[in-house]
Amino acid sequence: MIQGFRIKYSPSKILEELWLCLHFPLHLSLILLLEGVKNVYIYANVLESINRLNAAFTDTVDEFAATGAFPAHPRLEKLLRVLQISWQQEANDLLDALTRDAEDPAGGSDNVQSQLWRWWATVIHNVILLYNDEPDPEGEFKYQAFINL
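Residues numbered from 1 in each chain as written. Predicted model: local features only at pLDDT ≥ 70, side-chain atom pairs only at ≥ 80, totals over all residues. Heavy atoms only, no water.

### Quick notes on the side chain of H73
Phase 1: Tracing the sequence through the fold places H73 in the loop between α1 (13–67) and α2 (74–81).
Phase 2: Reaching out from H73, the side chain makes a polar contact with the backbone nitrogen of L76 at a distance of 3.0 Å. (Helix = DSSP H or I, 4+ residues; strand = E, 2+ residues; numbered from the N terminus. Polar contact = N/O pair within 3.5 Å; in protein donor to acceptor, adjacent residues only side chain to side chain.)

### Considering the layout of surface pockets
Phase 1: Empty space within the largest pocket amounts to approximately 180 Å³.
Phase 2: Surrounding the largest pocket, N54, F57, T58, V61, D62, Q113, L116, W117 and W120 form its lining.
Phase 3: Among the secondary structure elements, those contributing two or more residues to the lining of the largest pocket are α1 and α4 (109–130).
Phase 4: The biggest single contributor to the lining of the largest pocket is α1, with five residues.
Phase 5: Each residue belonging to the lining of the largest pocket can be placed in one class, and the counts come to five nonpolar, three polar and one charged.
Phase 6: In this structure, the second largest pocket encloses a volume near 150 Å³.
Phase 7: Lining the second largest pocket are S49, R52, L53, K78, L79, V82, L83, V127, L130 and Y131.
Phase 8: Of all the secondary structure elements, the ones that give two or more residues to the lining of the second largest pocket are α1, α2 and α4. (1 Å grid on protein atoms, 1.4 Å probe; cavity = no way out; pocket = protein on both sides within 12 Å on 5 of 7 lines; lining within 4 Å. Points joined across faces, edges and corners; volume = space filled by probe spheres on them. Nonpolar A, V, L, I, M, F, W, Y, C, P; charged D, E, K, R; others polar.)

### Some remarks on a nonpolar patch on the surface
Phase 1: On the surface, L26, L30, L33 and V37 cluster together into a nonpolar patch covering about 360 Å² of accessible area.
Phase 2: Within the secondary structure, L30 sits in helix α1. (Patch = residues over 30% accessible without salt bridge, like charges linked within 9 Å, V, L, I, M, F, W, Y side chains within 5 Å. Areas by Shrake-Rupley, 256 points an atom, 1.4 Å probe, with all protein chains shown as cover. Salt bridge = Lys/Arg side-chain N within 4 Å of Asp/Glu carboxyl O.)

### Observations regarding the packing of α1 against α2
Phase 1: Where α1 contacts α2, the two axes come as close as 9 Å, and the packing angle between them is 140°. Between α1 and α2, the angle falls in the class oblique. As α1 runs across α2, the sense of the crossing is left-handed. Residues R52, L53, A55, A56, F57, D59 and T60 of α1 lie in contact with α2, whose contacting residues are R75, L76, L79 and L80.
Phase 2: The residue makeup of the contact of α1 with α2, split by class, is seven nonpolar, one polar and three charged. (Axes fitted to C-alpha atoms, helices over the stretch in contact; angles between N-to-C directions. Parallel < 35°, antiparallel > 145°, perpendicular 65-115°, else oblique. Left-handed = near helix turned anticlockwise from the far one by under 90°. Contact = heavy atoms within 4.5 Å.)

This is the structure:
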């Protein structure tokens, strides 16, 4: 008879130790399986979030390329609200940055792409941080170095 972690009326000490040695890997494998399933679930959610943001952002960039202005985009606004970002505010900030870059003749269209990529990297970084309990200091340093290029 098993009572708690001890076998009551164990026929021998060897059987009790055998049961313990076989039971521990079972619990360890269950814990590792649950951690793996959790990580796959988080990865799938991050990937889906990034794909949805990418589709919405691609629409806005295509319209920007055609008209020269960022459109009001309700789906992108809704997706960014989770990150506490307003698309209208971001669009205005991007247009200001692009206007400042247009005054600098050194880059031309490279400046536009640079600003858009910098903004996109910031959004992706915020999506990943949304699912991360503790940010990695080394990763944060590398991200800041990349953004400030």
